[in-house]
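Inside the fold
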Amino acid sequence: MTRALVSGAAGFLGSHLSEALLRAGWEVIGVDDLSTGRAENLATFREDPRFTFLRRDLTEPATFPPVDFVFHLASPASPPHYQRRPIATLSVNSTGTAQLLAHARESGARFLLASTSEVYGDPEVHPQPESYWGHVNPTGPRSCYDEGKRFAEALTMAWHRERGLDVRIARIFNTYGPRMRPDDGRVMSNFFLQGWKGLPLTIHGTGLQTRSFCYVDDLVRGLMALMEATSVDGPVNLGNPDFEVTVLELAQRIRALTGGRSKLAFVERPTDDPERRRPDIARARTLLHWEPSTPLDEGLRATSEYFRERAGGEVT
Ligand code: UDP
């Protein structure tokens with residue numbers, strides 16, 4: 001049986017990925033320190049005999065069973081979370097990545113790093129192809145995540161070049177869907193919770209900045225295709241180029257989906273917030289024969305339902 005280690009297995013993406021791997025007949029070792037991941041995300045598959053959960057902080061030395069594939073997703077990923085814990089964010093992306101690269105090497109496993117569109121910073125090239133080196137503020141409040149992931153990419157490539165490790169790098173663009181943390185602080189979770197509570201939707205700045213949103217099921221399919229492709233050289237963007245929307249447009253859509261009671265509140269824009277973001281997915285299309293297929297309306301409806309059930313909680 002194929003066995004994978006998934007770090008960040010209790011997180012939003014990690015839990016969907018673990019579930020999809022189990023569905024495909026794999027054995028999954030899920031690793032998480034439950035700092036931003038949540039045990040409730042494991043509920044639908046925790047009792048599966050092919051799933052093992054290990055609560056581990058990857059920045060501390062740990063041992064893991066041998067595996068065939070390592071998916072390294074562990075890291076805070078929402079701007080409020082990684083900015084609250086910048087040292088932990090840099091540590092899991094440096095020390096944590098080093099530990100899992102070494103484990104992949106010992107196991108003879110293939111290693112996939114979950115990187116991010118944040119490596120492009122506030123991009124001057126639009127849409128962003130993998131060949132673009134980015135425009136990142138190395139000391140700004142987002143640098144713990146941007147530079148942490150850039151270091152993780154560099155370390156992954158160093159293990160490939162120096163030790164011959166078979167590696168994959170996914171640059172993941174904005175992804176949404178059920179199992180996002182309600183207190184995540186990102187635009188989707190904030191707007192849905194605010195909408196369901198009838199509170200004002202907090203638009204940062206003018207709301208004319210854009211993001212491109214990919215539904216989680218499409219993204220997970222992309223991660224599996226990237227891991228399973230026979231040979232891939234260099235990073236691959238995974239995201240949805242068809243749904244680039246302004247924050248303002250997103251607010252209007254979510255307002256309508258949640259009963260239309262909310263006002264729009266224009267609040268201060270965070271430092272270094274990227275102006276525009278859209279993936280160029282030509283490489284994913286060619287190398288993986290992958291592209292997203294979930295319509296935005298369908299994804300938003302499923303996400304809306306998930307947040308409606310959770311609208312009793314706190315909005316950050
Ligand atoms: N944003 C917003 N209101 C919120 C949360 C976020 O207008 O309550 C904006 C944020 O400034 C950014 C965009 O929405 O321009 C996406 O932010 P998010 O935190 O979801 O992810 P990012 O793509 O910045 O990592």
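Scroll up a little and you will see the structure.
Figured I'd write up the structure that's included with this text.

The rules behind these values
Residues numbered from 1 in each chain as written. Predicted model: local features only at pLDDT ≥ 70, side-chain atom pairs only at ≥ 80, totals over all residues. Heavy atoms only, no water. Salt bridge = Lys/Arg side-chain N within 4 Å of Asp/Glu carboxyl O. Helix = DSSP H or I, 4+ residues; strand = E, 2+ residues; numbered from the N terminus. Buried < 20%, exposed > 50% of the residue type's maximum accessible area, 1.4 Å probe, protein only. Phe/Tyr/Trp six-rings, centres within 6.5 Å; stacked < 30°, edge-to-face > 60°. Near = heavy atom within 4 Å. Polar contact = N/O pair within 3.5 Å; in protein donor to acceptor, adjacent residues only side chain to side chain. Areas by Shrake-Rupley, 256 points an atom, 1.4 Å probe, with all protein chains shown as cover. Core = buried A, V, L, I, M, F, W, Y, C linked by side-chain atoms within 4.5 Å. Contact = heavy atoms within 4.5 Å. Pairing = 2+ DSSP bridges. Axes fitted to C-alpha atoms, helices over the stretch in contact; angles between N-to-C directions. Parallel < 35°, antiparallel > 145°, perpendicular 65-115°, else oblique. Left-handed = near helix turned anticlockwise from the far one by under 90°. Nonpolar A, V, L, I, M, F, W, Y, C, P; charged D, E, K, R; others polar.

Time to look at the pattern of salt bridges. Applying the stated criterion across every chain, the model contains 23 salt bridges. Among the salt bridges present, the one from Asp-297 reaches Arg-253, with a minimum N-O distance of 2.9 Å. Residue Asp-297 is located in helix H9 (residues 296-309), and its partner Arg-253 is located in helix H7 (residues 247-257); the two are separated by 44 residues in the primary sequence. Residue class for Asp-297 comes out partly exposed when judged on its relative accessible area of 45%. Among the charged side chains, a salt-bridge network with shared partners connects Glu-118, Arg-142, Arg-211, Arg-269, Asp-273, Glu-275 and Arg-277.

As a further point, take the packing of aromatic side chains. Scanning the model with the defined rule gives 10 aromatic pairs in all. With a centroid separation of 6.1 Å and an interplanar angle of 40°, the aromatic rings of Tyr-120 and Phe-173 are classed as tilted. With Tyr-120 in the loop between strand S5 (110-116) and helix H4 (143-163) and Phe-173 in the loop between strand S6 (167-172) and strand S7 (175-176), this pair connects stretches of sequence that are 53 residues apart. With respect to burial, Tyr-120 and Phe-173 carry one shared label: buried. Three or more aromatic residues joined by ring pairs form one cluster here, namely Trp-26, Phe-69 and Phe-71.

We now examine the site of the ligand. Residues in close proximity to the ligand total 18 residues, the closest being Thr-202, His-204, Arg-211, Asp-273 and Arg-277. Arg-211 is positioned with one of its side-chain polar atoms (N or O) 2.6 Å from an oxygen atom of the ligand. Arg-277 places a polar side-chain atom, nitrogen or oxygen, 2.8 Å from an oxygen atom of the ligand. Relative to its unbound accessible area of 520 Å², the ligand is 96% covered by the protein chains. Of all elements in the fold, only helix H5 (187-197) and strand S8 (201-204) reach the threshold of two or more residues within the shell around the ligand.

Quick look at the nonpolar core now. The biggest cluster of nonpolar side chains holds 59 residues, and the ones touching the most others in it are Leu-17, Leu-21, Phe-71, Met-188, Leu-223, Leu-238 and Leu-288. In terms of residue count, helix H6 (residues 216-228) provides more of this core than any other element does, seven residues in total. Non-local contacts of Met-188, meaning those with residues more than four positions away in its chain, are made with Tyr-176, Met-180, Phe-213, Leu-250, Ile-254 and Leu-300. Judged by nonpolar contacts, the second largest core, of 23 residues, contains Leu-58, Ala-74, Leu-101 and Ala-152.

Here His-16 shows up in helix H1 (residues 12-23). A relative accessible area of 13% means that His-16 is categorised as buried. Among the polar contacts listed, one links the side chain of His-16 to the backbone oxygen of Pro-178, at a separation of 2.8 Å. Aside from chain neighbours lying at most four places away, what touches His-16 is Pro-178, Arg-179, Val-216, Asp-217 and Val-220.

Attention now goes to the environment of Gly-30. One can find Gly-30 in strand S2 (residues 27-32). When neighbours within four sequence positions are excluded, Gly-30 is seen to be in contact with Val-6, Ala-9, Phe-51, Thr-52, Phe-53 and Leu-54.

Turning our attention to the pairing of S5. With seven of seven residues buried, S5 lies mostly within the body of the structure. Along S5, one buried face is formed by Arg-110, Leu-112, Ala-114 and Thr-116 and the opposite face, lined by Phe-111, Leu-113 and Ser-115, is buried too. In this sheet, S5 lies alongside strand S4 (residues 69-72) in parallel orientation, the contact comprising four bridges. By the bridge assignment, Phe-69 is partnered in S5 with Arg-110. Here six bridges tie S5 to S6, and the two strands are oriented parallel to one another.

This next bit is on the packing of H5 against H9. Close contact between H5 and H9 brings their axes to 9 Å; oriented N to C, the two are set at 60°. One way to sum up the angle between H5 and H9 is to call them oblique. In this structure, the crossing between H5 and H9 has a hand that is right-handed. Where H5 abuts H9, its residues Met-188, Ser-189, Phe-192, Leu-193 and Trp-196 lie against Leu-300, Thr-303, Ser-304, Phe-307 and Arg-308. Among the residues forming the contact of H5 with H9, the class breakdown is six nonpolar, three polar and one charged.

Geometric values such as these leave the question of function open.
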